[in-house]
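Here is what each chain is made of, one letter per residue.
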Amino acid sequence: MYFWNSYPFVRLSVVLISGIFAFDLFPAIWEHFGVLVVFLIGLLAVSLLLSNRVGYYKFRVVNGFLALPIIFLLGGELVRNKYHNLPQHHYSRIHSEFEGFCGTVVGQASERTNHFRYDLELKNILTEDSVRSAAGKIHLYVRKDTAVKSVFSYGDVLLIKGKIYSISPPGNPHEFDFKKYLSFQNIYGHAFVRGFEIKSIDNAPPNAVLKFAYQTQSAASAAIDKHIPESRENGIAKALLLGIKDHLDNEVKKSYSAAGAMHVLAVSGLHVGIVYLFLRVLLGRLKRTPLGRLLFTVISITAIWSYAIVTGLSPSVLRAATMFSIVAFGELISTRGNVYNSLGMAAFVLLLFDPYLIYSVGFQLSFSAVFGIVYLQPKIYRLLEIDTVILDKAWSITCVSIAAQMATFPLTAYYFHQFPTYFLVSNLVVIPSATIMLMGGIGMLVLEPVASELSRLVGFMLSKFIWFVNESVFLVESLPSSLIEWIYLDLTGLVLTYTIVIFMIWGIHHHSFKTILLGVCLFLGFLFVRLSAKREQSNSHQIIFYEVKGTMAIDHIVGHQAMLYVKEGGSDVELLSYQINPNRLAHGLIPISKSLSVMENSKQFSVQPPFTFGELSDMKILSIDTTTFHLEFEHPIATDILIIENESIKNLQWLKDHFQFDYLLIGNHNSRYYSSKMKRQAEDHNLTIHSLLEDGAYVLDVRK
């Protein structure tokens, strides 16, 4: 009880988060939100009145048990109001046909390979003869072509000819749910247009602070272009200083990820923390007096938010700036348990504004890393006593890396399925280097308006230093086994792993054998679950027809062996990996890059237009690729699985007359209109049909 009394905002944050999660699981509870809250507030008021008469100490537990459910219900109500109580004129509720729409750009342009992407807040929906009010945010993709003369800016009001499409759910097992991910940002649709279909009619920024932030970020970006012209160093400088990652090449991303240094290229808690710690070192003496502590807090919070503005007030920086501002304020008032309580307060405040931040990977990693550093780093640091100053600093940085990795490893395994083995080596270089690059970059940007030549000199030195850091990271990445990949952890495993780690650390710290034993038992249970899943996979025997745009992709899985068959021209390994590897990973199978076969060159398939024949696990597969009405059949062709491609069949009755089959699929080489038409025909002919486009992947269990 004393622990909870020392950290009230930790308690409140845990309860608020529980309410957010509970709403997604049991939304019916919040149908009676008003009645429940009024009832609880009434009971709390009575309890507080009795506390004043009898004594607060005697009623403290009762008051707590009445107050916490209110916070719990508040968490769910925040979710319902922000993400579920959409207005009637929200575009997702407008089902009538329209020819165009009008909206305001509410963010910076994000550059993709073939498109510029914008966040667009809708204002109107345009039909043939009317204009309707509309609300909601979409992703607008503008194709790069000669018609796109310039990138649109924050506040530009655009008139667009085109349609808004709902975001499709994942079509394959275990594939990343992009639709759900965007729904956590209140985005439910997207539009794809060309430049000539857009007309900019006004500029009306909805937020003056954001407008200033984006203008500042653009000016800073121009200064980096001016003083760091080398493409690779320029891309890293923009990512490090401004959070703009559009210009990072894939080789740099891969190398930094393999070296365990990717956090340097994503402006977040690390960068804001460096600014804060730099100020503590520079102005630490101010904290010796009450007035000096107040002055330091004002300066540090001002500096943190000034840097946040330079980065364009991105969501990750806003989280970090809020967190460190509250930590700085907490140090000012110096309450007991200040750091943990400040972290709890930061989480509580952020979730009040956006409850679904709890699902943000950045939010989870930031708070986990900071908590791990605060709690674990001092304990790890005390394990060794080093007299040499340089070695002691190196050990201190190493302890920070170990603590952060221990706290975040379950999350990185869950989301990214990899572990950088040389993170200790890379971070010895990267963390001090990030501090130098960040401070040097900020100095370059500050000097640009007042001393351009000096700014140019700093930029030149910074460019060379970034080159050195790059080469160091590339060297670490080139070491053997620098990255352990293909790590799988599901949600249950994530929760179990954190629970085990917490029990083990708590038991060791408090010398509690029972707690350690409980952690060991949970670990053994975790191993049992994993071994059971592995044994079940050994008995699996499946043929999976994946939903992959523009190609036929068939996975043949027998136990722990798998082979993916694709049509020639459809072997874009990167795209296929994104859509299929998650299922492979979840079942402990090898990546598709190591088990990919082109049908035209495979012994299991024969391509003879208009047909593709194949046989897997004694199941005959036949794909009709082009129209067959001109062919004559002496007798119906028998197959187990029949796939229609390229809209080759117009009439299912004709298909029934000429083919015998057990399973009928509409493949990926068809339009959605054709797919819907065939499904309607199937109902009329009492046929079971599966559309890969509309229904997703088809998993056929052929276990003998």
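The structure under discussion appears in the preceding block.
Small disclaimer: the values here were computed from a predicted structure and weren't measured. (Residues numbered from 1 in each chain as written. Predicted model: local features only at pLDDT ≥ 70, side-chain atom pairs only at ≥ 80, totals over all residues. Heavy atoms only, no water.)

Concerning the overall build of the chain
A tally of helices and strands in the chain yields 22 helices and 24 strands. What you see for the chain is a C-alpha radius of gyration of 29 Å, in line with the 27 Å of a compact globule of 704 residues. Expressed along its principal axes, the backbone C-alpha trace of the chain runs to roughly 100 × 65 × 60 Å. A buried classification covers 45% of the 704 residues belonging to the chain. The contacts in the chain between residues at least 6 apart in sequence include a share of 63% that link residues at least 24 apart. Of the roughly 36,500 Å² that the chain leaves accessible, carbon and sulfur atoms contribute 62%. Of note, the chain has its 58 positive side-chain charges centred 11 Å away from the centre of its 55 negative side-chain charges. (Helix = DSSP H or I, 4+ residues; strand = E, 2+ residues; numbered from the N terminus. Rg over C-alpha atoms; globule rule 2.2 N^0.38 Å. Buried < 20%, exposed > 50% of the residue type's maximum accessible area, 1.4 Å probe, protein only. Contact = heavy atoms within 4.5 Å. Areas by Shrake-Rupley, 256 points an atom, 1.4 Å probe, with all protein chains shown as cover. Lys, Arg positive; Asp, Glu negative; His and termini not counted. Charge placed at Lys NZ, Arg CZ, Asp CG, Glu CD.)

Some thoughts on the sheet that holds strand 15 (residues 596-598)
The five strands lie next to each other as 15-14-13-12-24, forming an open sheet whose pairing is mixed. Two strands bound the open sheet, and with one partner strand each, they are strand 15 and strand 24 (698-701). This sheet shows a mean twist of 20 degrees between the axes of neighbouring strands, independent of strand direction. Here strand 13 (residues 553-558) pairs with strand 14 (residues 561-566) via six bridges, running antiparallel. (Pairing = 2+ DSSP bridges. Axes fitted to C-alpha atoms, helices over the stretch in contact; angles between N-to-C directions.)

A word on the pairing of strand 13
Where a strand is regular, its side chains alternate between the two sheet faces. Strand 13 sits mainly inside the fold: five of its six residues count as buried. Pairing between strand 12 (residues 541-545) and strand 13: five bridges, direction antiparallel. By the bridge assignment, Ile544 is partnered in strand 13 with Asp555. Counted along the chain from strand 13 to the antiparallel partner strand 14, the turn is two residues long, and its residue Gly559 has a positive phi close to 65 degrees.

A word on the environment of Val310
Turning to its location among the elements, Val310 is positioned in helix 10 (residues 290-310). Separated by 96 residues in sequence, Val310 and Tyr214 have C-alpha atoms that sit 7.8 Å apart. Discounting chain neighbours no more than four positions away, the residues touching Val310 are Thr216, Gln217, Ala220, Leu242 and Leu445.

Points about the sheet that holds strand 17 (residues 611-616)
With respect to topology, six strands assemble into an open sheet ordered 16-17-18-20-22-23, the strand pairing being mixed. Only two strands of the sheet have a single neighbouring strand rather than two, namely strand 16 (605-608) and strand 23 (689-691). Between one strand axis and the next, the sheet turns by 20 degrees as a mean value, whatever way the strands run. Pairing geometry for strand 16 and strand 17, over four bridges, is antiparallel. Among the inter-strand pairings, Phe605 is bridged to a residue of strand 17, identified as Gly614. Its contacts with the sheet put helix 21 (residues 672-684) on strand 20 (641-644), strand 22 (663-666) and strand 23, and the angle it makes with strand 23 is roughly 165 degrees.

With respect to unusual backbone geometry
Backbone torsion omega between Pro609 and Pro610 reads 10 degrees, so that peptide bond is classified as cis. Relative to the helices and strands, Pro610 is located in the loop between strand 16 and strand 17. Phi at Ser617 takes a positive value of approximately 50 degrees, unusual for a residue other than glycine. Backbone geometry places Glu647, a non-glycine residue, at a positive phi of 50 degrees. Tracing the backbone through its elements, the reader meets Glu647 in the loop between strand 20 and helix 20 (652-658).

Just geometry here; none of it tells us what the structure is for.
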